[in-house]
Amino acid sequence: MRDRPVLVLIHGFPQDHTLWNDQILALEREADLLTPDLLGFGTATELPTVMTMERYAEQLHTLLAERGVRRAVLCGLSMGGYVAMAFAERWPALVEALILSNTRATADTAEGKQARKATADRALAQGASVIARSMLPVLLSARTRAERPDLTERVERMMARQPANAVAAASLGMAERPDRLHVLRALRVPATIITGSEDTLMPLPMSQAMHEALVGSRLEVIHGTAHLPNIEAPDRFNAAVLLLLRSLPDA
Ligand code: MLT
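Residues numbered from 1 in each chain as written. Predicted model: local features only at pLDDT ≥ 70, side-chain atom pairs only at ≥ 80, totals over all residues. Heavy atoms only, no water.

Chemist: How should I be thinking about empty space enclosed by the protein in this particular structure?
Modeler: The gaps left among the atoms become clear once a water-sized probe is rolled over them. Here the structure, examined in full by the defined rule, presents one cavity of 30 Å³ or more. Here the largest cavity defines a volume of roughly 40 Å³. Considering the residues around the largest cavity, the lining is formed by Tyr82, Met85, Arg104, Ala105, Arg177, Pro178 and Arg180. Its residues assigned to classes, the lining of the largest cavity shows four nonpolar, no polar and three charged. (1 Å grid on protein atoms, 1.4 Å probe; cavity = no way out; pocket = protein on both sides within 12 Å on 5 of 7 lines; lining within 4 Å. Points joined across faces, edges and corners; volume = space filled by probe spheres on them. Nonpolar A, V, L, I, M, F, W, Y, C, P; charged D, E, K, R; others polar.)

Chemist: Where do I start with the pairing of strand β1 (residues 6–10) in this structure?
Modeler: A regular strand places its side chains on the two faces of the sheet in alternate fashion. In terms of burial, β1 is largely enclosed, as five of its five residues are buried. Neither face of β1 is exposed, since Val6, Val8 and Ile10 on one face and Leu7 and Leu9 on the opposite face are all buried. Examined bridge by bridge, β1 and strand β2 (residues 32–34) share three bridges and lie parallel to one another. Each bridged residue has a counterpart across the sheet, and for Leu7 the counterpart in β2 is Leu33. Crossover handedness for the path β1 to helix α1 (residues 21–27) to β2: right-handed. One ladder, built from four bridges, connects β1 with strand β3 (residues 72–77); its direction is parallel. Following the sheet pairing, Leu7 is matched in β3 by Val73. (Buried < 20%, exposed > 50% of the residue type's maximum accessible area, 1.4 Å probe, protein only. Helix = DSSP H or I, 4+ residues; strand = E, 2+ residues; numbered from the N terminus. Pairing = 2+ DSSP bridges. Right-handed = clockwise from strand over helix to strand, strands pointing away.)

Chemist: Sorry if this is basic, but what is going on with the layout of surface pockets here?
Modeler: Empty space within the largest pocket amounts to approximately 480 Å³. The wall of the largest pocket is formed by 21 residues, among which Phe13, Arg116, Thr119, Met135 and Leu201 lie closest to the centre. Of all the secondary structure elements, the ones that give two or more residues to the lining of the largest pocket are α3 (79–90), α4 (110–126), α5 (128–139) and α8 (164–175). Ranked by residue count, the leading element in the lining of the largest pocket is α4, at five residues. Broken down by class, the residue content of the lining of the largest pocket amounts to 10 nonpolar, seven polar and four charged.

Chemist: How should the pattern of salt bridges be read in this particular structure?
Modeler: Opposite charge on two side chains lets them pair, provided their charged atoms get close. Evaluation of the coordinates by the stated rule reveals 16 salt bridges. Taking the shortest distance from any N to any O, the salt bridge between Asp108 and Arg104 comes out at 3.6 Å. A residue is classified by how much of its surface remains accessible, and Asp108, at 10% relative accessible area, is buried. A salt bridge links Arg143 to Glu147, with the nearest nitrogen and oxygen atoms 3.3 Å apart. Taken together, the residues span about one helical turn, with Arg143 and Glu147 both in helix α6 (residues 142–147) at a distance of four residues. Grouping residues by exposure puts Arg143 and Glu147 together as exposed. It is possible to trace a salt-bridge network through shared partners that takes in Arg104, Asp108, Arg116 and Arg177. (Salt bridge = Lys/Arg side-chain N within 4 Å of Asp/Glu carboxyl O.)

Below, the structure is given as structure tokens:
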């Protein structure tokens, strides 16, 4: 019998560990879960002006070292995926398997970088609630927003309560991330790419590019969901994660 895998669930922008509330019960039966708040999110703290994906990856590395974890399954959603890829570039031997949800391996365009700066400025001037409100329409499908006000409020509240300095620093950090398709091409680990059929922030070709780069990966498109399929369709999201966990070779 192998040890239980360690599964690190890495939230996106501008979120915290509560993004994963609907994953805990289903997944903790089969894995030891770590659901960190990326530095500055969840709890207000002093931060550098720019938090790069590499810096968050170092945070995860420290967490694994503190827990004595030799290898972990990384599951990152959106910005969490950027962090997982930065981690995989620096510490590939520590990655047992990879789940990339609603993310992309490509860098920002020049226009995208400018928008990051504008988001950071807005967060500092007006607070995270303004950013939360502007992002909400693309995070959940139109149907979920119409039929599930409870989910819509939950997502908005989670984002609105994030410290403005964390939102600004992460936004500027995302602008600095390089293209990491080559990192995925070099990895030889079990991998699943998950996305929502209605994710306009990360359209399907971005997931297809990661799927092609990651040899042997599975691509799971969760129909009717947008950028947060783990919240809109937790059963299908959890099933995709469990399928990967159950496919892991004996340690
Ligand atoms: C996220 O959900 O983490 C962000 O939308 C990612 C991004 O803005 O690139």
